[in-house]
Amino acid sequence: MTAPAIELKGISKAFGPVQANKDISISVQPGTIHGIIGENGAGKSTLMSILYGFYKADAGEIFIKGEKTLIPDSQAAIRAGIGMVFQHFKLVENFTVLENIILGAEHGAMLNSSLGNARKELKHLAEEYGLNVNPDEVIENLSVGHQQRVEILKALYRKAEILILDEPTGVLTPAEADQLFRILDRLREEGKTIILITHKLREIMEYTDTVSVMRRGEMTATVKTSETSPEHLAELMVGRKVLLRVDKKPAEPGATVLDIKGLRVVDEAGVERVKGIDLTVHAGEIVGIAGVAGNGQSELLEVLGGFADGTGEITMNGVALPLTGHGADGQARRAAGISHVPEDRQREGLIMEFAAWENTVFGYHHSPEIQNGLLMDNKGIYTEAEAKMQRFDVRPPDPKLAAKNFSGGNQQKIVLAREIERNPDLLLIGQPTRGVDIGAIEFIHQQVVNLRDQGKAILLVSVELEEILSLADRVVVMFDGHITGERDAAHTNEKELGLLMAGITDTSAVANGNGGNDTNPQEVPADG
Amino acid sequence: MDKMPKWADIVLIPFISLFLAAFFSALVILAIGENPIAALKLMVDGALMRSAGWGYTLYYATNFIFTGLAVSVAFHARLFNIGGEGQAMLGGLGVALACLYIDWPHWSLAILGASVGAACFGALWALIPAYLQAKRGSHIVITTIMFNFIAAAILNYVLVELLRPVGAMDPASAKFPEAVHLPTFQDMFSTEGSKLFRGAPANVTFFLALLACLVVWVLIWKTRLGYEIRAFGESETAAKYAGISPVRITVIAMLISGALAGMMSVNTTMGESERLILNSTEGAGFIGIAVALMGRNHPFGVLLAAILFGFLYQGGAELALWTSIPRELIVVIQALVILFTGALDNMVREPLEKLFIAMRRRNA
């Protein structure tokens, strides 16, 4: 057996009182794809940052190809043959592909010879791995999938033998993700070693050779992918059995609650983001809006929630809602019976510096029942917050703690508790489980389904297809500000929705369950 | 979990910062050939060991409480109001008009009327920058500081051309009538046997300032408006989500801030000079920024910080009077205090946080 491409022995790292990595040992064979899976805050990113020289481990050793290696900074990591593709790309937007690739690896003061070499090398890499990108294109004109390729090319240009990818598919359409994994396969065949960090069980099961599970800073298991199952991995991640699919009975849609006709939204930069959509949501159903981030879903939610202006017609229980001006603000929307769990809980849904109890009335602070003469009834709010946190299993159940000190999942539970317990006619819910761990996802989904079963209308926006498919009753797909299709959630599949998300409305080839093979859709522009 | 206990944040950090400021001040005093310990003793003697000294310290502190609260309220909405100086100047105009043109039967009514006048004029002077910020995005730091200069020019014009009594040489209004004379601490606390606060300018306005602290505390932490101001200050995107209008909060917070700054002139114009003079604010509007910084934008902290700066002002005056330490050095000392308590806060905070975390880990 050859020496492992990477071997970590006893890596530990603490941030203040938090032990992010605890005595982690792992060994990755060359020419394999090794998955690392774990909940948010399990320590995956910390471990990779240590490997890439961003952090210094408190204890432990790193071996590359059997040789003990010190990695004090990212330059050392690159010299050791490690390349990293971050979740948020580190590219200069208005530079060309070629310029980005040589950035930091120029041969001298003059760029010409570097650019020439890079062009040759790029051509070679493109042939070898199928990594086709136009070297003279400016980054901002590339689709997200192609930008990611540039990141991979950057690593390969620096002679990376080991490629680390951090949540690489978070921003991709399913088709783009497929292409990415084909490229990774080629790289593996050529003997490169790939470490894939993800929280998506499906990707782990389909594409990796071995998988390590992290939980609370510890490596709980390393197994061969072929010898495990999604349920088993989920259990290892969370530490208990989890329900991966939402348990719900068929929807019983009632009267129309929300009716949207010809809605258009122009953003602050003057770009039209929603280009005339019609949509209805009925009582007792969950309508899911699928789409790659940036295709107008966020703007739709913002108009409905009252913090962006739009044109068109929206009625709520038969009453027209104003779309601009004072009558269209968040307060007016709440009065109309709309609750809103916003997409970005940290920047919108919560005041991070406020204590949890103060956050439990945020947006509803005008409600008469929490006023005490001229003052706010802070005692009453606090007591109620305590009860709410119990009911929604927020941990720790301490209303005095600032919102920023809760984990993502628990922050989301605070927002949900606030919005759901208002008993709205319509719940808007954006990215309900983004950055939320598996254990909490189960709980959050159950709460949303319960609300539906009480006969409430729910409009769900999520970039996670899996979530849309398991939670929604009806799926509407948005692409470039238009609705490209509507499907019954029970009778569609990821392939079909994937095509719609890429703007292709002819889905006959992949409809009804099975899904076609490598259909190669046109490339999707990065932002509508 | 918070990085360190609350008491360390509120008490320990300002204390260490002050100590550092004192240490460097001592070095400066040494460098010009004076004895820092004697200087400190003189400052404490002059400002705190006699009732008259306290009378001056608290007089200055009253100014700083108002301007410090003004900066704090705006800062809770993340608005940096550095126009306190101009707002206080115009507030003085409000006080003068109220005192000169209304026939008050008693000082207690007059102080209410003058406070309203001061608050209105101060608020009005803050309204324009607030509106420009809210509607046009003109940065409030720039506009408020420019408005300080405009206020000074206006006051100059009004005093010289309009309010100056015929025949008077200095740019000042007429003396206010006897009926609006505010009781000084000397009037209030001296008995036949012992003269307290002799000649000191501290007056009943100090209690108005204490009341203002209380009102601001209730406003910020107990009312819906305060909740909205703080929410807006922490996150504008979240405020929009909650239906809190940024325009409304920006304007209201600045109005309150301007009103508080304006009310400072009740102390100087009505309580001390008893007529409107040029430059009665003496930079208190700017000291308010340091006071708010050091007081962590909390009314109680502002009160303590204002008293500290009152002490520095009065102690500094004593130094200039009794030693060859030049008056300018006092400005250096004040600057050091501002530097260490405000700007270099993190220099003390970070090591201290590390220390507490290390201690907690060892105990765990």
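This is a predicted model, so every value here is computed, not measured.

A. Broad picture of the pairing of strand β13 (residues 286-290) of chain A. Residues and elements named next belong to chain A. With five of its five residues buried, β13 lies for the most part within the structure. The alternating pattern of β13 places Ile 286, Gly 288 and Ala 290 on one face and Val 287 and Ile 289 on the opposite face, and all of these are buried. Alignment of β13 against strand β20 (residues 457-461), held across four bridges, turns out to be parallel. Considered in β20, the bridge of Ile 289 is made with Val 461. Strand direction decides the pairing type here: β13 and strand β21 (residues 474-479), joined by four bridges, are parallel.

B. Molecular detail of the confidence of the model for chain B. For chain B, the mean per-residue pLDDT works out to 91, and 99% of the residues sit at or above 70. Per-element confidence in chain B ranges from a low mean pLDDT of 81 for helix α15 (residues 345-363) of chain B to a high of 97 for helix α8 (residues 205-222) of chain B.

C. Quick look at a nonpolar patch on the surface. A cluster of nonpolar side chains, B:Phe19, B:Phe23, B:Phe24, B:Leu27 and B:Leu30, forms an exposed patch at the surface whose accessible area comes to about 500 Å². Locating B:Phe19 in the fold gives a position in helix α1 (residues 6-31).

D. Molecular detail of the pattern of salt bridges. Residue and element names in this part refer to chain A. Under the criterion given, the structure shown has 40 salt bridges over all chains. Between Arg 119 and Asp 136 there is a salt bridge, with its nearest N and O atoms 3.1 Å apart. Here Arg 119 is found in helix α4 (residues 112-129), whereas its partner Asp 136 is found in the loop between α4 and α5 (144-157), with 17 residues between them in sequence. Between Arg 487 and Glu 496 there is a salt bridge, with the nearest N and O atoms lying 2.6 Å from each other.

E. Region of the structure containing the pairing of strand β3 (residues 33-38) of chain A. Residue and element names in this part refer to chain A. Most of β3 sits inside the fold, with six of its six residues counted as buried. Side chains Ile 33, Gly 35 and Ile 37 of β3 all project onto a buried face; the interleaved residues His 34, Ile 36 and Gly 38 project onto the opposite face, where all are buried too. Alignment of β3 against strand β8 (residues 193-198), held across five bridges, turns out to be parallel. Paired with Gly 35 across the bridge in β8 is Leu 196. By the bridge criterion, five bridges tie β3 to strand β9 (residues 210-215) in an arrangement that is parallel. Among the inter-strand pairings, His 34 is bridged to a residue of β9, identified as Thr 210.

Conventions we followed
Residues numbered from 1 in each chain as written. Chains lettered and ligands numbered in written order. Predicted model: local features only at pLDDT ≥ 70, side-chain atom pairs only at ≥ 80, totals over all residues. Heavy atoms only, no water. Buried < 20%, exposed > 50% of the residue type's maximum accessible area, 1.4 Å probe, protein only. Helix = DSSP H or I, 4+ residues; strand = E, 2+ residues; numbered from the N terminus. Pairing = 2+ DSSP bridges. pLDDT = per-residue confidence, 0-100. Patch = residues over 30% accessible without salt bridge, like charges linked within 9 Å, V, L, I, M, F, W, Y side chains within 5 Å. Areas by Shrake-Rupley, 256 points an atom, 1.4 Å probe, with all protein chains shown as cover. Salt bridge = Lys/Arg side-chain N within 4 Å of Asp/Glu carboxyl O.

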